[in-house]
Amino acid sequence: MSTRTTTLDERYGRTPDRRRRFRLSAIVIAAAVLVAVVVWSLWTGIGGATTALDVTTTGVAISSDEATDVQWLVSGRPHTDLVCAIEATDASDVVVGLAEVRVPATGQVNRSGETRVRTVRRASNGLIDSCRDA
């Protein structure tokens with residue numbers, strides 16, 4: 001009976017060597033997944049908040065037909081100089097003025113300022129559109 005069981009186990013792949021190979025394969029796959037997760041975490045930045053950049057318009061004042069003042073707040077990348085695009089738009093959301101402003105690194109997470117945007121006609125709104133590394 002033992003010989004017959006052994007023959008069936010061999011025929012259907014239920015040998016100790018096969019179990020070892022399966023266990024080894026599972027360990028190798030788990031290790032590869034773990035390495036992939038670690039590499040992805042380092043590539044995207046652990047937590048993400050340290051490299052994220054958030055821009056917020058905090059106020060708008062239409063000074064005249066030729067100028068709009070935009071107050072803004074930039075959060076993130078405290079040790080990096082930035083260049084931000086400030087826009088003035090009309091009632092149809094058409095850009096009527098654009099200013100690029102350099103925001104120096106301060107060591108602080110939040111940096112705020114006010115920018116005067118010269119316009120080609122009267123604006124109805126203003127906003128900080130985006131920032132990028134300088």
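Structure first, text after, so check above.
Just so you know, the residues in each chain are numbered from 1, in the order the chain's sequence is written. A pLDDT threshold of at least 70 governs which residues receive local features in this predicted model, and a stricter bar of 80 or more applies before side-chain atom pairs are shown or counted, although totals over entire chains, interfaces and linings include all residues. As a rule here, side-chain values come from all non-hydrogen atoms in the structure, and water together with hydrogens is ignored.

Looking at the overall build of the protein chain
Of the regular secondary structure elements, the protein chain holds two helices and six strands. Each residue is placed in one exposure class: buried if its accessible area under a 1.4 Å probe, protein chains only, is under 20% of its type's maximum, exposed if it is over 50%, and partly exposed if it falls in between. In the protein chain, buried positions account for 24% of the 134 residues. When contacts within the protein chain are restricted to residue pairs at least 6 apart in sequence, those whose partners lie at least 24 apart make up 61%. Under the convention used here, a 1.4 Å probe and the Shrake-Rupley method define accessible areas, while residue burial counts only the protein chains that appear. Counting only carbon and sulfur atoms, one obtains 57% of the accessible surface of the protein chain, whose full area is about 9,300 Å². By the criteria applied, helices consist of DSSP H or I runs no shorter than four residues and strands consist of E runs no shorter than two, each listed in order from the N terminus. Any two residues whose heavy atoms approach within 4.5 Å are treated as being in contact.

Observations concerning the sheet that holds strand β4 (residues 95–103)
Pairing between strands is defined by DSSP: at least two bridges between the two strands are required. Ordered in space as β4-β3-β6, the three strands form an open sheet in which the pairing is antiparallel. Where the open sheet ends on each side, the last strands, each with one partner, are β4 and β6 (125–133). Between one strand and the next, the sheet's axes are offset by a mean angle of 20 degrees, whatever the strand orientation. Two elements, strand β3 (residues 82–89) and β4, share eight bridges in a ladder whose sense is antiparallel. Across the sheet, Val83 pairs through a bridge with Arg102, a residue of β4. Every axis in this analysis is a line fitted to C-alpha atoms, fitted for helices over the stretch in contact. Angles between the N-to-C directions lie between 0 and 180 degrees.

Digging into the sheet that holds strand β2 (residues 67–75)
Strand order in the open sheet formed by three strands is β1-β2-β5, and the pairing between neighbours is antiparallel. Because the sheet does not close on itself, it has two edges, and the strands there are β1 (54–64) and β5 (110–118). Direction aside, neighbouring strands of the sheet carry axes that sit 15 degrees apart on average.

Side note on the nonpolar core
Ranked by internal contacts, the top residues of the largest apolar core, which has 15 residues, are Trp72, Val74, Cys84, Ile86 and Ile128. Elements with a contribution of two residues or more to this core: β2, β3, β4 and β6. Filtering out sequence-adjacent residues up to four positions away, Ile86 remains in contact with Val70, Trp72, Gly97, Leu98, Ala99, Val101, Thr115, Val117, Leu127 and Ile128. Only buried Ala, Val, Leu, Ile, Met, Phe, Trp, Tyr and Cys residues count toward a nonpolar core, and they belong to the same one when joined by side-chain atoms within 4.5 Å.

Some thoughts on the pattern of salt bridges
A side-chain nitrogen of Lys or Arg and a carboxyl oxygen of Asp or Glu constitute a salt bridge if their distance falls within 4 Å. Summed over all chains, the structure comprises six salt bridges. Two residues, Asp81 and Arg102, come together in a salt bridge whose shortest N-O distance is 2.9 Å. Here the residue Asp81 occupies a position in the loop between β2 and β3, and Arg102 occupies one in strand β4, the gap between them amounting to 21 residues. Residue classification places Asp81 among the partly exposed positions, given a relative accessible area of 28%.

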